[in-house]
Amino acid sequence: MVGLLLLVVLVMGLNWPIMAVGTRHIPPIWLATFRVVGALLVVMIGVTVSGRWRMPPRSDLPIIASLAIFRLAAVFVLVFTALALIPAGRSSVLAWTTSLWTVPIAAVVLGEVMTGRRWFGLALGLVGIVVLVEPWNLNWSQSEVMWGHLFLVLAAVINAATSVHIRAHRWRMTPLQAIPWQLALAAVILGGVALATEGLPDISWTSQLVWIVVYQGVVATGIAFWAEVVVFRSLPTVSTNLTLMGVPVVGVVASAVLLGEVVTASLVVGLVLVLVGVAVNLLSGAQQIGEEAPVVTG
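Enquirer: What is the right way to look at the overall build of the protein chain in this model?
Expert: Secondary structure summary: the protein chain contains twelve helices and zero strands in total. For the protein chain, the N- to C-terminal ordering of α and β elements is α-α-α-α-α-α-α-α-α-α-α-α. For 298 residues, the compact-globule formula gives about 19 Å, and the C-alpha radius of gyration of the protein chain, at 18 Å, lands near that figure. With the C-alpha coordinates of the protein chain rotated into their principal frame, the extents come out at 55 × 50 × 35 Å. The contacts in the protein chain between residues at least 6 apart in sequence include a share of 90% that link residues at least 24 apart. By element, 70% of the accessible surface of the protein chain is carried by carbon and sulfur atoms, the whole surface being about 12,700 Å². Across the protein chain, the 13 positively charged side chains and the 10 negatively charged ones have centroids separated by 13 Å.

This is the structure:
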């Protein structure tokens, strides 16, 4: 099971430079749509074969809608749009700051206690984000760079808010049974947004682009969804989340190797600060972490 978890980290980390290459040739929101549709096909086959297909009860409809609209559709729009604006390695770190934002949101919504360790972890992570963004070096006349960073932080905040919603919700069906419905609704939303904002896509298909789309839908989303559910059910939640922090590390290294992105001192320092801040929050909140749903930001 540990091997499966490490495979998830590798697959999702490698996906960042792959996504970045895809956005150079396919409109970002259409690429996000293809990813969700591909994942939907994979998950539907898996759920049908395993005999776990189930209509969602009315009480689970709000959480399914929340995850489809916000955790999938909104986050994918923000992430794929940002990838067309800023480097993939830096994007992978900012998008994986979800656990930082979960802390204050859970404190407000669920009444969880903000301990000194949690404040310390949050402060470290926020300093790491500032170091990553490097506002002192930004050319503020290039608004697209600023928007790219903002989109990724907003995506992480949305992921955090839906994580809190998951904790507060009393599931009638299992997260695995809910995934096809989330993906189906997200696919409809993304397709509509892509059509409205980007029009019909004019794509010069190559074998590389086909491989990128297949990797997005089948491997990085469909299989990753299933693998995360299995891992979270079999391994301790905190240790699993700590291991998943390896995703942005792989993302930074893979982007440097595959895309030639420069690993700057600010990127390394920001990455370390964010990871330490997230680790502190995960460890300090070990008793309050409930059942998780897959996160496929990367």
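Enquirer: Would you mind going over a nonpolar patch on the surface with me for this structure?
Expert: A grouping of Trp205, Val210, Val214, Val218, Ile223 and Trp226 is seen on the molecular surface, where their side chains present a nonpolar patch of about 540 Å² in accessible area. With respect to the helices, strands and loops of the structure, Trp205 is situated in the loop between α8 (175-198) and α9 (207-234). Of the residues examined, Trp205 reaches a relative accessible area of 45% and is grouped as partly exposed.

Enquirer: Looking at this structure, how should I read the packing of helix α6 (residues 116-133) against helix α12 (residues 265-284)?
Expert: The description of two packed helices rests on the angle between their axes and on the distance between the axes. At a minimum axis distance of 7 Å, the contact between α6 and α12 shows a crossing angle of 160°. As far as their axial angle goes, α12 and α6 are roughly antiparallel. Every pair of crossing elements has a handedness; the one defined by α6 and α12 is left-handed. Its residues assigned to classes, the contact of α6 with α12 comprises 15 nonpolar, eight polar and two charged.

Enquirer: I keep staring at the packing of aromatic side chains and nothing clicks. Help me out?
Expert: What describes a pair of aromatic rings is the distance from one ring centre to the other and the angle between the planes of the rings. Across all of its chains, the model carries six aromatic pairs by this definition. Their ring planes at 45° and their centres at 6.0 Å tell us that Phe34 and Trp205 sit as a pair that is tilted. One end of the pair, Phe34, is in helix α2 (residues 28-50); the other, Trp205, is in the loop between α8 and α9, and 171 residues separate them in sequence. Through a chain of ring-to-ring contacts, three or more aromatic side chains come together here, namely Trp30, Phe34 and Trp205.

Enquirer: Help me understand α8 in this model?
Expert: An α-helix turns once every 3.6 residues. As a result, residues three or four positions apart point the same way. Under the 1.5 Å per step criterion, the end-to-end length of α8 is 32 Å for 24 residues, consistent within 8% with the ideal 34 Å. Where α8 terminates, the next one or two residues include Gly199, which has phi positive at roughly 70°.

Rules used in this analysis
- Residues numbered from 1 in each chain as written.
- Predicted model: local features only at pLDDT ≥ 70, side-chain atom pairs only at ≥ 80, totals over all residues.
- Heavy atoms only, no water.
- Helix = DSSP H or I, 4+ residues; strand = E, 2+ residues; numbered from the N terminus.
- Rg over C-alpha atoms; globule rule 2.2 N^0.38 Å.
- Contact = heavy atoms within 4.5 Å.
- Areas by Shrake-Rupley, 256 points an atom, 1.4 Å probe, with all protein chains shown as cover.
- Lys, Arg positive; Asp, Glu negative; His and termini not counted.
- Charge placed at Lys NZ, Arg CZ, Asp CG, Glu CD.
- Patch = residues over 30% accessible without salt bridge, like charges linked within 9 Å, V, L, I, M, F, W, Y side chains within 5 Å.
- Salt bridge = Lys/Arg side-chain N within 4 Å of Asp/Glu carboxyl O.
- Buried < 20%, exposed > 50% of the residue type's maximum accessible area, 1.4 Å probe, protein only.
- Axes fitted to C-alpha atoms, helices over the stretch in contact; angles between N-to-C directions.
- Parallel < 35°, antiparallel > 145°, perpendicular 65-115°, else oblique.
- Left-handed = near helix turned anticlockwise from the far one by under 90°.
- Nonpolar A, V, L, I, M, F, W, Y, C, P; charged D, E, K, R; others polar.
- Phe/Tyr/Trp six-rings, centres within 6.5 Å; stacked < 30°, edge-to-face > 60°.
- Expected span 1.5 Å × (residues − 1).

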